[in-house]
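# Results of the structural survey
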Amino acid sequence: MIEILRNMWRRKFRTFLTVVGISVGIFAFTVMGSMALKLNKMIDGGKKYITGQISIMPKGTDFASGQTGGMLPIDTLNNIAKVPGVEAVEGSVGVSVDEPNPDEPVSVSMSTPATIYSLDTNSNFKNKNWETLAMKEGKLIDKDSADNDISIGSTVALDKKWKVGDKVTIRGREFKIVGILDKTMTGPDSYVFMKLPIVREMYIDSNPFLKSLRDRAAEASNISDKELAKLSPEARSQIMQAKTFKVEDVSTSAAVSWKDSVDPEQVVTRIKDQFKNEVVVLSPKKMGEQIDKASATMNAIIYGAAMLALIVGVFSITNTMVMSISERTKEIGIKKAIGASGRSISFEYTLEAGVISLIGGLIGMGIGTVAIVIINSKMASKGAEIFLLDANFLIGVVVFSFVIGIIAGIIPAARAAKMKVVDAIREL
Amino acid sequence: MKTIIKASGMKKSYKMSKTNIVKALDGVNLEIKEGDFSAIVGPSGCGKSTLMHILGLLDRPDEGRLVIDGVDVSNLKDKVANKIRAKKIGFIFQGFNLIPSLTAIENVVLAGKYGGMKPKARKARATLLLELVGLKDRVNHKPNELSGGQQQRVAIARALMNNPTVILADEPTGELDSKTSLEIINILKKLNRENNQTFLIVTHNNEVADACKKKIRLKDGKNA
């Protein structure tokens, strides 16, 4: 090992360049890999959640744009609850915490925007993979909570600097924070949980059409059929809509749990068969597969980009070793003359390549880790860290750098091992 | 006395081009007994170095039989030849040929490593040998910090590291002045006299040749 380090020191500039090449590759691998780890953790959380329920959307929902196709009427949800195998159904509504800013209709952010998410505290629905949400402080709202009690995700708490006990105003209404969730690394971190009826009201208030229906519903219910018949067809249609409007019909999605020992895919098929003209049913298995595919693609892109940088580093080590061995032909000849076997020569030079790469790996990983810590600390105040630092991953990166050095050194080392002693000696 | 090296009918040719084949050795015979202090002499190009390489298992003859310390090494596999070379043969070169990045003691220890000695034993023996050749105060110096004579003494210590059956020295005084050359030859003679170490020296230096008990003359690749 001393000889290896001395040989590296003898050719300082060349060693430096080679180490830099590997450092850059390992830096990219560390940073991109940590980003992938964070994204994978978020995706895992999301996957765990989505595969723990059958998700129902109104027919016509555009998954690409996120636009809902309409509402899920309460009658439809009640009928779904009667499908054999169904344990419980929970309608839900979501609306953004902050009202849209017409001056900034589009914003780009690495984090999920804060969203108000409804909890039907009267429902006995439970997600199969995520039955409870762990709390950092306080409690999750339940059926005994007041209407204006809310529980918030960890990212929301950090971003808005809210604490348990605070009274806050959201969309013009005052609420009291009764709990902050533990970090989940996924959706709930950005949620504000409120009781379903409250969120429904907020949703209606945010939608001019629904608002007008609600506001006119009381008035419409007092119009007799006789008076209705006198109205124009257009006016009659509007009144009919207002008459039949129910706040309970306002659900933008629903979640279905299945009974234990029942195959959820069979329940999916039954719901699809009965309600195919009214709802879109998302099978947990298919959703899981879609997520896995997307995750695999994302990982391939992230790691692929890092691997490219690493491949350049590997070639730089191979080049360095080839040059080094060609310059040290005499030395190899001496060693073979005094009894070194081809195997021991091969081992020495392969190890040297590994050590060069290991040094580059340690530097690259070190700088990458520092960069991650700095960037994450700047994003922490918004709860929007984009990297996940994992000790096992970092150790793996360093070990990987050593291994790729060994691989890069194999061919040049094999050439050194095969060198005929007498040919090397002739250079003496 | 025991025969250390017996070479019979050694032939070696080099193909310089399709039509130009050079016969370096053309049926050389040689016998070295234990305790010999012999020289291989001859004009330039007579095949001395080629013979030395073959005797040292650094090269293979095209024809002939070679027995080293009772073992027929004529058709040995490289792996086995390496082991025999490491344990039974010591080399001293004209240009000293120490590893420049290693100190004197590390150069000597290296031979012990390739000869299969355990680490503690290597260091102890290397220290002893360097003391034997008068370099007790230079053990931690690198080759570029030593004179030519001192470097050759390190090379001698290295050659002795594995208690070899024979030491092959190829022009050991070739790059030294006459005074230093004499010192080196005296060291070799002392080792031969006191330890019965067998030496075979290639030289074109008459003084060195005259210091040897036996001379093997070569001319045009044959025994002269």
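What you are looking at is a predicted structure, and each value in this text was computed from that prediction instead of being measured. (Residues numbered from 1 in each chain as written. Chains lettered and ligands numbered in written order. Predicted model: local features only at pLDDT ≥ 70, side-chain atom pairs only at ≥ 80, totals over all residues.)

### Here's the deal with the packing of helix α10 (residues 284-327) of chain A against helix α12 (residues 342-380) of chain A
All names here are of chain A. Running from N to C, α10 and α12 cross one another at 140°; their axes reach a closest spacing of 10 Å. Between α10 and α12, the angle is such that the two are oblique. Handedness of the α10/α12 crossing: right-handed. On α12, the residues touching G313, I317, T320, M321 and I325 of α10 are Y349, A353, I356, S357 and G360. Partitioning the contact of α10 with α12 into residue classes produces six nonpolar, four polar and no charged. (Axes fitted to C-alpha atoms, helices over the stretch in contact; angles between N-to-C directions. Helix = DSSP H or I, 4+ residues; strand = E, 2+ residues; numbered from the N terminus. Parallel < 35°, antiparallel > 145°, perpendicular 65-115°, else oblique. Left-handed = near helix turned anticlockwise from the far one by under 90°. Contact = placed C-beta atoms within 7 Å. Nonpolar A, V, L, I, M, F, W, Y, C, P; charged D, E, K, R; others polar.)

### Brief notes about the nonpolar core
Ranked by internal contacts, the top residues of the largest apolar core, which has 107 residues, are I40(B), L51(B), V108(B), L130(B), A157(B) and L168(B). The biggest single contributor to this core is helix α2 (residues 12-50) of chain A, with nine residues. Those residues in contact with A157(B), other than ones at most four positions away along the chain, are V108(B), A126(B), L129(B), L130(B) and V133(B). V95(A), V178(A), Y191(A) and F193(A) belong to the second-largest nonpolar core, a separate cluster that totals 28 residues. (Core = buried A, V, L, I, M, F, W, Y, C linked by C-beta atoms within 7 Å. Buried ≥ 20, exposed ≤ 12 C-beta atoms within 10 Å, placed from the backbone.)

### Description of the interface of chain A and chain B
By convention, interface size is frequently given as the accessible area that disappears when the constituent parts associate. In this assembly, 16 residues from chain A lie in contact with 19 residues from chain B. Secondary structure elements with two or more residues in the side of chain A that touches chain B: α1 (2-10), α11 (329-337) and α14 (421-426) of chain A. Considering every element that reaches the side of chain A that touches chain B, the biggest residue donor is α1(A), with four residues. Among the residues making up the side of chain A that touches chain B, the classes are represented as eight nonpolar, four polar and four charged.

### Details of the sheet that holds strand β9 (residues 214-219) of chain B
All names here are of chain B. Pairing is mixed in the open sheet, where six strands are placed in the order β6-β7-β8-β3-β9-β10. Strand pairing shows two members of the sheet lacking a second neighbour, β6 (89-92) and β10 (222-223), which therefore form its edges. As paired elements, strand β7 (residues 166-170) and strand β8 (residues 198-202) share five bridges and run parallel to each other. Within β8, the residue paired with A169 across the bridge is I201. Contacting β6 and β7, helix α5 (residues 148-160) crosses the sheet at an angle of about 170° to β6. (Pairing = 2+ DSSP bridges.)

Note that every value here comes from positions in space, so none of it alone points to a role or purpose.
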